[in-house]
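Here are the chains, one letter per residue:
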Amino acid sequence: MRLTRSGGFFLLLGLLTAGVALAVTDASSRLALGARRIAANRALVRAYDLTDPCLFTDARYTRHPSLADRHSPFQDYPLALEHFPTGSLSMPPSHLAAGGWAHAADGNAAGTSARGR
Amino acid sequence: MIPPGVRRHARIIGYVLPSLARRWRKNTAVVVVYGLVIFLLASVVFLSQSLTGESLAGLAREPEIIVQKLSAGRHELIPVGALPSVTRIVGVRSGRARLWAYYTDPATRETLALVVPDTPRLDAGQMLAGPEFLRRRSLSVGDVVHLKTHTGASLALTVAGAIAPATALESAALLHVSAPAFRDLVGIADGLAMDLVLRVRNARELPTIATKITQALPDARPIIRGELVRTYKSVFSWRSGVIIGVLLVPVLAFIIFAWDKAAGLGVEERREIGILKAVGWETGDVILMKCYEAGVVSLAAFALGTALAVASLAVPRSPIIVPALTGWSTLYPSFMPTATVGAYQVATLFCLTVFPYLVATVIPAWRAATIDPDMVMRGS
């Protein structure tokens, strides 16, 4: 039997759909395995009081963003520009960004300023 | 007397310009889209160049060697008493213990730098600030600024003048204060400093001196200025390379768009070429005309894109590209880096953007030029 063009198209579509179904089945069979690994990681995080998943390893402030401060990215000299490669891939966390919550957590941050003549 | 070759080119250009003007809607759309693509690329190139210039200008004021104490791998305050052990190293011209720290502006949450200058000596209640800092807060000489000390008390400082800044960042974020005021504000005890700085006469001795510093102070790290210069140059080219890599997607999309536009000639354009050939234009003349069309469009877009990119340098902290290039330096007050647009950058940009467009349009132009006028006249 000769395959028509539309038949070929639907055959390809069927094959791709079957591929997607296989991928979904495979992923769901791995879920249980993943859940075991996540549970083990959770236990590890609790045991060692870990703060952040370590996405980048080059700079201290991108390695542990939750513990980042306003000094370490610019520590080489006054008004140094931040210069680690991952500094542009991982932006400052919200507690350091303007209007963040770390008003009190930041060493010199607490307070207000006013001016007068 | 104009040579005939030049006259031919001049006449073809004379024909191209009104021809482009007749289809102004389509051509304007192409110039705008093409210009935006060039604007994005040019912004990355110019901004990374400007930021490199900015960091090098800031570094130029720094001494040849900075010595920082480390504790558990972290920067730690260094005892002032450690200074003689490094200044006595042969080759060190002078040295001093430096007092500086970052201070978060409570009003804006921006990171400012408090520095105790060597000269001039400031009175305890005085401060100097960068001109941009004073302008943004509408402060002038004689005004009083209240800052919170490390204990939470308020410290009143009188603006005694403006600093002559070396960089735009210094202008926006640098405050000079006296040593007592500094210690009050950040809580660094007497006898401790942020780092030691050394002036060295002979640059070739720097590695030897650095080795001797680590022998004299095993828990300290010497930072050589030249190494920082190299770091800044490489980090900004790395970051701009990554962004340009990402931007290649719209560039490729545009090249495909340009190819498609040039390949899919409309009925009117086919008729125009047919008529031109019927009245005696050679295939070469038509190709030349199409090349000039592409040239005019790409030059207009190049001028538009580069002009927008240069203008965008004057917009502090524009949301496009700046955070990706500056990284965590966005914690500083917004500053406009001094625009440094070099001929090399413009030439590179020209080759990266104009040539692909010309190539993408010249092959369809050749196809168009070989149209048989007879067939076009018959409307087939």
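Residues numbered from 1 in each chain as written. Chains lettered and ligands numbered in written order. Predicted model: local features only at pLDDT ≥ 70, side-chain atom pairs only at ≥ 80, totals over all residues.

## Topic: the overall build of chain B
Then comes step 1: Counting its regular elements, chain B contains 13 helices and 13 strands.
Then comes step 2: For 380 residues, the compact-globule estimate of 2.2 N^0.38 gives 21 Å, and the C-alpha radius of gyration of chain B, at 30 Å, exceeds that figure by more than 25%.
Then comes step 3: Projected onto its principal axes, the C-alpha coordinates of chain B cover approximately 95 × 50 × 45 Å.
Then comes step 4: Relative to its full complement of 380 residues, chain B shows a buried share of 37%.
Then comes step 5: In chain B, once contacts between residues fewer than 6 apart in sequence are set aside, the share between residues at least 24 apart is 82%. (Helix = DSSP H or I, 4+ residues; strand = E, 2+ residues; numbered from the N terminus. Rg over C-alpha atoms; globule rule 2.2 N^0.38 Å. Buried ≥ 20, exposed ≤ 12 C-beta atoms within 10 Å, placed from the backbone. Contact = placed C-beta atoms within 7 Å.)

## Considering the overall build of chain A
Then comes step 1: Counting secondary structure elements, chain A contains two helices and one strand.
Then comes step 2: For chain A, with 117 residues in total, the buried portion stands at 21%.
Then comes step 3: Once local pairs closer than 6 in sequence are excluded, the contacts in chain A between residues at least 24 apart make up 43%.

## Details of the confidence of the model for chain A
Then comes step 1: Confidence in the prediction of chain A, expressed as mean pLDDT, is 81, and 82% of residues score 70 or more.
Then comes step 2: Mean pLDDT across the secondary structure elements of chain A bottoms out at strand β1 (residues 115-116) of chain A, with 32, and peaks at helix α1 (residues 5-48) of chain A, with 93. (pLDDT = per-residue confidence, 0-100.)

## Details of helix α7 (residues 206-216) of chain B
All names here are of chain B.
Then comes step 1: By the burial criterion, the buried members of α7 are I209, A210 and I213. Seen from one end, α7 has its buried residues packed into an arc of 105°, which puts them on one side. In α7, the exposed positions that point more than 90 degrees away from the buried face belong to P207, T211 and Q215.
Then comes step 2: Turning to α7, the residues buried within the fold contact β1 (65-71), α3 (83-87), β4 (92-98), β12 (195-200) and β13 (220-224). (Arc of directions from axis to C-beta.)

## Regarding the domain arrangement of chain B
Residue and element names in this part refer to chain B.
Then comes step 1: Looking at the assigned domains, one finds that chain B contains domain 1 (4-58 + 230-377) and domain 2 (64-224).
Then comes step 2: On a C-alpha basis, the centroid separation for the pair domain 1 and domain 2 is 47 Å.
Then comes step 3: The interface of domain 1 with domain 2 comprises 10 residues on the first partner and nine residues on the second.
Then comes step 4: Residue classes in the side of domain 1 that touches domain 2 are distributed as seven nonpolar, two polar and one charged. (Domains from an automatic or database assignment. Nonpolar A, V, L, I, M, F, W, Y, C, P; charged D, E, K, R; others polar.)

## Thoughts on the domain arrangement of chain A
Then comes step 1: What the domain assignment reports for chain A is domain 1 (10-50) and domain 2 (53-102).
Then comes step 2: Look at where the C-alpha atoms of domain 1 of chain A and domain 2 of chain A centre, and you get two points 32 Å apart.

## As for the environment of L325(B)
Then comes step 1: Mapped onto the secondary structure, L325(B) falls in helix α11 (residues 322-326).
Then comes step 2: The exposure class of L325(B) is buried, given the 23 C-beta atoms found within 10 Å.
Then comes step 3: Spatially, the C-alpha atom of L325(B) lies 6.7 Å from that of S240(B), the residues being 85 residues apart in sequence.
Then comes step 4: When residues no more than four places from it in sequence are discounted, the contact partners of L325(B) are S88(A), L47(B), S48(B), L51(B), F236(B), R239(B), S240(B) and I243(B).

## Some remarks on the pairing of strand β7 (residues 126-129) of chain B
All names here are of chain B.
Then comes step 1: Judged from the four bridges that link them, β7 and strand β9 (residues 154-162) form a sheet pairing that is parallel. What sits directly across from A129, in β9, is A162.
Then comes step 2: Two elements, β7 and strand β10 (residues 174-177), share three bridges in a ladder whose sense is antiparallel. Looking at the pairing, L128 lines up with H176 of β10. (Pairing = 2+ DSSP bridges.)

## Here we look at the confidence of the model for chain B
Then comes step 1: Averaged over chain B, the pLDDT score is 87; the fraction of residues at 70 or greater is 96%.
Then comes step 2: Scored by ipTM, the complex comes to 0.81, with pTM at 0.80.

## Some words on the interface of chain B and chain A
Then comes step 1: Listed as interface residues are 48 residues of chain B and, on the opposing side, 33 residues of chain A.
Then comes step 2: At the level of elements, α2 (24-60), β5 (100-104), β6 (111-115), β8 (144-148), α5 (168-173), α8 (225-263) and α11 of chain B are the ones that each hand at least two residues to the side of chain B that touches chain A.
Then comes step 3: Here the side of chain B that touches chain A takes six residues from α8(B), the largest share from any one element.
Then comes step 4: Looking at the side of chain B that touches chain A residue by residue, the class counts come to 27 nonpolar, 14 polar and seven charged.

## A short note on the packing of helix α10 (residues 283-312) of chain B against helix α12 (residues 343-369) of chain B
All names here are of chain B.
Then comes step 1: Two numbers describe how α10 lies on α12: the axes approach to 9 Å, and their chain directions differ by 150°. The pairing of α10 with α12 is recorded here as roughly antiparallel in orientation. Considering how the two elements wind past one another, α10 and α12 form a crossing that is right-handed.
Then comes step 2: Here the contact of α10 with α12 is composed, by residue class, of 16 nonpolar, five polar and one charged. (Axes fitted to C-alpha atoms, helices over the stretch in contact; angles between N-to-C directions. Parallel < 35°, antiparallel > 145°, perpendicular 65-115°, else oblique. Left-handed = near helix turned anticlockwise from the far one by under 90°.)

## Description of the pairing of β5(B)
Residue and element names in this part refer to chain B.
Then comes step 1: The buried fraction of β5 is high, at five of five residues.
Then comes step 2: Burial of the side chains of β5 extends over both faces: W100, Y102 and T104 are buried on one face and A101 and Y103 on the other.
Then comes step 3: Across five bridges, the pairing between β5 and β6 is antiparallel. By the bridge assignment, A101 is partnered in β6 with L114.
Then comes step 4: Between β5 and β6, which pair antiparallel in sequence order, lie six residues; one of them, R109, sits at a positive phi of approximately 65°.

## What about the environment of P218(B)?
Then comes step 1: You can see P218(B) is positioned in the loop between α7 and β13.
Then comes step 2: Judged by C-beta crowding, with 8 C-beta atoms within 10 Å, P218(B) ranks as exposed.

## Examining the packing of α2(B) against α10(B)
Residue and element names in this part refer to chain B.
Then comes step 1: Contact geometry of α2 with α10 gives a least axis separation of 7 Å together with a crossing angle of 45°. With respect to α10, the axis of α2 lies oblique. Helix-helix and strand crossings are classified by hand; for α2 and α10 the assignment is right-handed. Judged by residue contacts, N27, V30, V31, Y34, G35, I38, F39, A42, S43 and F46 of α2 engage V297, S298, A300, A301, F302, L304, G305, T306, L308, A309, V310 and S312 from α10.

## Details of the nonpolar core
All names here are of chain B.
Then comes step 1: Ranked by internal contacts, the top residues of the largest apolar core, which has 97 residues, are V67, A113, L114, A173 and V177.
Then comes step 2: With 15 residues, α2 is the single largest residue contributor to this core.
Then comes step 3: The residues contacting L114, other than those within four sequence positions of it, are W100, A101, Y103, L175, V177, F182, L185 and V186.
Then comes step 4: Among the nonpolar cores identified, the runner-up in size contains six residues, and I273, V286, A365 and A368 belong to it. (Core = buried A, V, L, I, M, F, W, Y, C linked by C-beta atoms within 7 Å.)

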